[in-house]
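Residue strings, one per chain:
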Amino acid sequence: KTHHTIRDIVDDIGQHFTFPLVVKKYRSSLAQGVFLEHGAEALEHRLHHLFENSTYLDNIILIQEYVPGAEFRAVATEGELLLAYGKESDARSGTDLNPLHQDDGHAVRVAEGPVLESMRALVAAIAPAVHLGFYAVDLINGADGLRILELNPNPFCYFYNKDNGRADFAAIYRRLLEKYVL
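What counts as what
- Residues numbered from 1 in each chain as written.
- Predicted model: local features only at pLDDT ≥ 70, side-chain atom pairs only at ≥ 80, totals over all residues.
- Heavy atoms only, no water.
- Phe/Tyr/Trp six-rings, centres within 6.5 Å; stacked < 30°, edge-to-face > 60°.
- Helix = DSSP H or I, 4+ residues; strand = E, 2+ residues; numbered from the N terminus.
- Buried < 20%, exposed > 50% of the residue type's maximum accessible area, 1.4 Å probe, protein only.
- Lys NZ or Arg CZ within 6 Å of the ring centre and 35° of its normal.
- Polar contact = N/O pair within 3.5 Å; in protein donor to acceptor, adjacent residues only side chain to side chain.
- Pairing = 2+ DSSP bridges.

(A) Structural context of the packing of aromatic side chains. Summed over all chains, the structure comprises seven aromatic pairs. When the centroid spacing of 5.5 Å and the interplanar angle of 70° are considered together, the rings of Phe134 and Tyr173 count as edge-to-face. Note that Phe134 is positioned in the loop between helix H3 (114-126) and strand S7 (135-142) and Tyr173 in helix H5 (residues 167-180), a separation of 39 residues in sequence. Note on Phe134: relative accessible area 17%, which makes it buried. Ring pairing ties together the aromatic residues Tyr85, Phe134, Tyr160, Phe169 and Tyr173, which thus form one cluster. The ring of Phe35 carries the charged tip of Arg46 above its face, separated from the ring centre by 3.8 Å.

Quick look at the structure:
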C-alpha cells in the first residue's frame, strides 16, 4: 500500500537496514515463513515469491535487523519471569533459523546469571505495555544485550519438555490456574 513495486520496497529497506536481515511473514509460527536474506537481489527474489504465493490480505511482511548471538526464551506472567531457557544447537541446516528445529537442537534451562537477570528486567518492562497473563518472549543475546525477536501469547512448551521433562511447565500451569481460576 505504500510502495508501487517490489523494487521500491527493496530500495526503501536498503535505506533503513543493512544486510543480512530477517524477513518474516506476519502470521506464522515455529519459524515457518522466516528467512535470512544476505543482499538486495535475494531480498527482491524472496519478496516476489512471498507476494506471488499469498492472498491480498496476507501480503504483509516484517523486516528485522539480523542480530547474531545466543537465542533464548523467557516464559512469563504479567511482569514475572517464570522460566528461561537457551535454544542451543551446533548446526544450522536449511532456512530454519531456530536452533531448536535443528537435529541437535535442545533447550537448556537458565537458572542463574546475568542473562537471567536481564530477562527479569525485560519482562518487568514489557508487562505495563502488553497485558498478558501468560506469554513467552523469544530473544537474542547480541553484542548490545538482549533483543526481542517476538512476543508469543501462547508459549509452546514442546521443545523444553522434550529435553527437560514436563515437571517445570506442569508447575507453571498449576500456579497459573490457582492464580487466575481458583
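That covers the picture; the talk isn't over yet.
(B) Here's a closer look at the environment of Thr5. Summarising the element assignment, Thr5 is placed in the segment before helix H1 (6-16). Residue classification places Thr5 among the partly exposed residues on the basis of a relative accessible area of 38%. Within the structure, Thr5 has its side chain in polar contact with the backbone nitrogen of Asp8 (distance 3.0 Å).

(C) Quick peek at the pairing of strand S8 (residues 145-152). Two strands pair when backbone bridges link them, and S7 and S8 are joined in this way by seven bridges, in the antiparallel orientation. Bridge assignment links Asn141 to a residue of S8, and that residue is Leu146.

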